[in-house]
Amino acid sequence: MTQPDNPFTPPTSPPTAPPLARAAQQPPQYVHAAPYAPPPRSAAGLGVATIVLACVWTVVQVLQLATAPQAADALRAAAAAGDGALASAFTGYDAVGLLLVPVQIAAYVVACLWLSTSRATAEALDPRYVHARGRVWAWLGWWVPVVSFWFPYQVVRDVRRATTTRLIGGSVAGGRPGSSSSSSPTPPGG
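A short tour of the structure in this document, coming up.

## With respect to the packing of aromatic side chains
Piece 1. One pass over the structure, following the stated rule, counts 4 aromatic pairs.
Piece 2. Relative to Trp 143, the ring of Tyr 108 has its centre 5.6 Å away and its plane inclined at 85°; by these criteria the two rings are edge-to-face. Placement of the pair is Tyr 108 in helix α4 (residues 92-125) and Trp 143 in the loop between α5 (137-140) and α6 (151-163), with a sequence separation of 35 residues.
Piece 3. For Trp 143, a relative accessible area of 60% gives the class exposed.
Piece 4. Geometrically, the ring pair formed by Trp 150 and Phe 151 is edge-to-face, given 5.6 Å between the ring centres and 80° between the ring planes.
Piece 5. Under the relative-accessibility criterion, Phe 151 is labelled buried at 9%.
Piece 6. The structure contains a cluster of three or more aromatic residues connected by ring pairs, namely Tyr 108, Trp 139 and Trp 143.

Structure (structure tokens):
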């Protein structure tokens, strides 16, 4: 079939495919598709490890306290014996001190991992909540002078507020949505 020479005549279109064939050629269009976000990681294991390492660190500190008097006596005796003896006086206090450093580093790393994982979970559970400090302060808040007195508290406070429910009066409830915990006392006889 040839087209007429009239320039005002619309061109003939090629034959159209059936509707099912056209749908198969085009990818589906999702109107409200959200980007995939993996579920938040649980920080429960890191929390338990943090508590265990804090207890181990406390026990090592108590051992160091218990060995301090003997170390003081040994250092006094070495000082009285001469200069060379002072350098060779290795006591139980020193041995416990050597154990303290790796325990303290491990406790710091695990506690910061727990706090940063908890922060990521809080952000996933309530993305609208505005945290007072950035993510990096879960790690640096313990090291920066002066601000180390309140930045770690603010990070923990914000994680707590973002992951707990709010009551009508504005106070923070003690549990997750649907839990039976409440901040109001149980009435007598109830």
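Read on, since the account is not over.
## Details of the pattern of salt bridges
Piece 1. Applying the stated criterion to the full structure yields 5 salt bridges.
Piece 2. One salt bridge connects Glu 123 with Arg 135, and the closest N-O pair in it is separated by 2.5 Å. Taken together, the residues Glu 123 in helix α4 and Arg 135 in the loop between α4 and α5 connect sequence positions 12 residues apart.
Piece 3. The exposure class assigned to Glu 123 is buried, which follows from its relative accessible area of 19%.
Piece 4. Residue classification places Arg 135 among the exposed positions, given a relative accessible area of 54%.

Thresholds, definitions, all that
Residues numbered from 1 in each chain as written. Predicted model: local features only at pLDDT ≥ 70, side-chain atom pairs only at ≥ 80, totals over all residues. Heavy atoms only, no water. Phe/Tyr/Trp six-rings, centres within 6.5 Å; stacked < 30°, edge-to-face > 60°. Helix = DSSP H or I, 4+ residues; strand = E, 2+ residues; numbered from the N terminus. Buried < 20%, exposed > 50% of the residue type's maximum accessible area, 1.4 Å probe, protein only. Salt bridge = Lys/Arg side-chain N within 4 Å of Asp/Glu carboxyl O.

In short, the description is geometric, and any link to function would need to be established separately.
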